[in-house]
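Commentary on secondary and tertiary structure
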Amino acid sequence: MLNAWTQTHYDPPLNLGSMVLVLLLVLLMALWIDHRFGEPRAALHPVVWIGRYLKICGETTVHFAPAPAFMLGALAWLLGAVLTGVLAWGLQVLVFWQLANFTVVPGLQSGVGAAVITGLMAWVLKAMLSWRMLHDEAGAVEAALTQSLTAGRERLSWLVSRDTTQLSAAEVRESAIESLAENLNDSVVAPIFWFVLFGLPGAAIYRFANTADAMWGYRGVYKGQNWEWAGKWAARADDVLSWLPARLTAVLLAVAAGGLPRKALGNEAGKTPSPNSGWPMAAMALALGITLRKPGVYVLNPLGRPAAASDTAAAQVYASNAVFAFALIASIAILLIAILISP
């Protein structure tokens, strides 16, 4: 599958080994940028641009009857995904071409151009994933709880769409830990997974799909609008693209925790309406020995104890170890795939 995003005609040519080193470098640079700088400003964030497109389209499609709402929602999704993928592919091709040019005609101008465009690709890939913000926001909810329950509820509302005004302190922590676990897949593991397979276009299309699900993929009425049909395609597309990464995220958390009972993990993961989000959340609940719940929807690990302040820090450690392990696995995978397809 690596051929899909590396075998492009260049003049001058860049060999496969060099491409692999570039892609590995871009991944490591993206992770460093995320660790060092966090999120770019909203005006410069590609995911914010995606969100604006989805907002404009969604405000139109949601008002139609079921059949046209579904068709228009699917069409808007496909157009957005294609545009996102083409732009990402174009940037990736430009990086390979610029680096190929530098190898043939080395010099300050070609070298600076190659460095700048490679840095831009790493920055775009970083925008497709978000570990530092995810880690820090979980800690920010806990820090707010030390001030007051009201402050904790308010900070949690930045992360989740549910009503936080009636949650207890333990439920606020549970929700923050749930968000950390679920988004470990959505914001870290899945984008890197698709980058390993299809390069920057893979990561970008996944981020588009996941953002579309977050904005459109509601069942029934949400904030006065019925998204059941307008968002159905987006929801199903995200289910498909997240299916394997979500289970991989659960495995990573299980390994970080020193192992989890497989049967219990599967049973708990199946309790959520989503076919995917339950896996990392169930793994985190079992790893910490706590109960995670969404009132009126599901209860994961019901025999666990209420979440305490120390559990937020422990969840951050487990998730950090999972991210480190997957970054290492992804780096090795890129090299192995290249070796397997090399002539």
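Residues numbered from 1 in each chain as written. Predicted model: local features only at pLDDT ≥ 70, side-chain atom pairs only at ≥ 80, totals over all residues. Heavy atoms only, no water.

Some thoughts on unusual backbone geometry
- In this model, Asn301 sits at a positive phi of 50°, which is unusual for a non-glycine residue.
- The buried category is assigned to Asn301, whose relative accessible area is 13%. (Buried < 20%, exposed > 50% of the residue type's maximum accessible area, 1.4 Å probe, protein only.)

Observations concerning the packing of aromatic side chains
- As enumerated under the stated definition, the model contains eight aromatic pairs in all.
- A ring pair is formed by Trp77 and Phe208, whose centres lie 5.8 Å apart and whose planes are at 70°; its orientation type is edge-to-face. Residue Trp77 is found in helix α4 (residues 66-104), and its partner Phe208 is found in helix α8 (residues 169-216); the two are separated by 131 residues along the sequence.
- Under the relative-accessibility criterion, Trp77 is labelled buried at 8%.
- Feature note: the residues Tyr53, Phe70, Trp77, Phe208, Trp229 and Trp233 constitute an aromatic cluster, connected by ring pairs.
- Above the ring of Phe37, the side-chain terminus of Arg36 is found at 5.0 Å from the ring centroid. (Phe/Tyr/Trp six-rings, centres within 6.5 Å; stacked < 30°, edge-to-face > 60°. Helix = DSSP H or I, 4+ residues; strand = E, 2+ residues; numbered from the N terminus. Lys NZ or Arg CZ within 6 Å of the ring centre and 35° of its normal.)

Let's talk about the confidence of the model for the protein chain
- Of the residues in the protein chain, 95% reach a pLDDT of 70 or more, and the chain-wide mean stands at 91.
- Here residues 1-10 is modelled with pLDDT under 50, and outside its nearest four sequence neighbours on either side it reaches 26 contacts, counting other chains as well. (pLDDT = per-residue confidence, 0-100. Contact = heavy atoms within 4.5 Å.)

A closer look at the pattern of salt bridges
- What the rule picks out here adds up to twelve salt bridges.
- For Lys126, the salt bridge is made with Asp34, and the minimal N-O distance between the two is 2.8 Å. You can see Lys126 sitting in helix α5 (residues 108-128) and its partner Asp34 sitting in helix α2 (residues 16-37), a full 92 residues away along the chain. Asp34 matches Lys126 in its accessibility class, with the two residues each being buried.
- Arg305 serves as the salt-bridge partner of Asp311, at 2.7 Å between the closest nitrogen and oxygen.
- A single network of salt bridges, built from pairs that share partners, joins Asp34, Glu39 and Lys126. (Salt bridge = Lys/Arg side-chain N within 4 Å of Asp/Glu carboxyl O.)

Quick look at the packing of helix α10 (residues 262-269) against helix α11 (residues 278-288)
- For the pair α10 and α11, the least separation of the axes is 8 Å and the interaxial angle reads 130°. Accordingly, the angle class assigned to the pair α10 and α11 is oblique. Relative to α11, α10 is oriented so that their crossing is right-handed. Of the residues in α11, those touching α10 at Ala264, Leu265, Gly266, Glu268 and Ala269 are Gly278, Trp279, Ala282, Ala283 and Leu286.
- Considered class by class, the residues forming the contact of α10 with α11 number seven nonpolar, two polar and one charged. (Axes fitted to C-alpha atoms, helices over the stretch in contact; angles between N-to-C directions. Parallel < 35°, antiparallel > 145°, perpendicular 65-115°, else oblique. Left-handed = near helix turned anticlockwise from the far one by under 90°. Nonpolar A, V, L, I, M, F, W, Y, C, P; charged D, E, K, R; others polar.)

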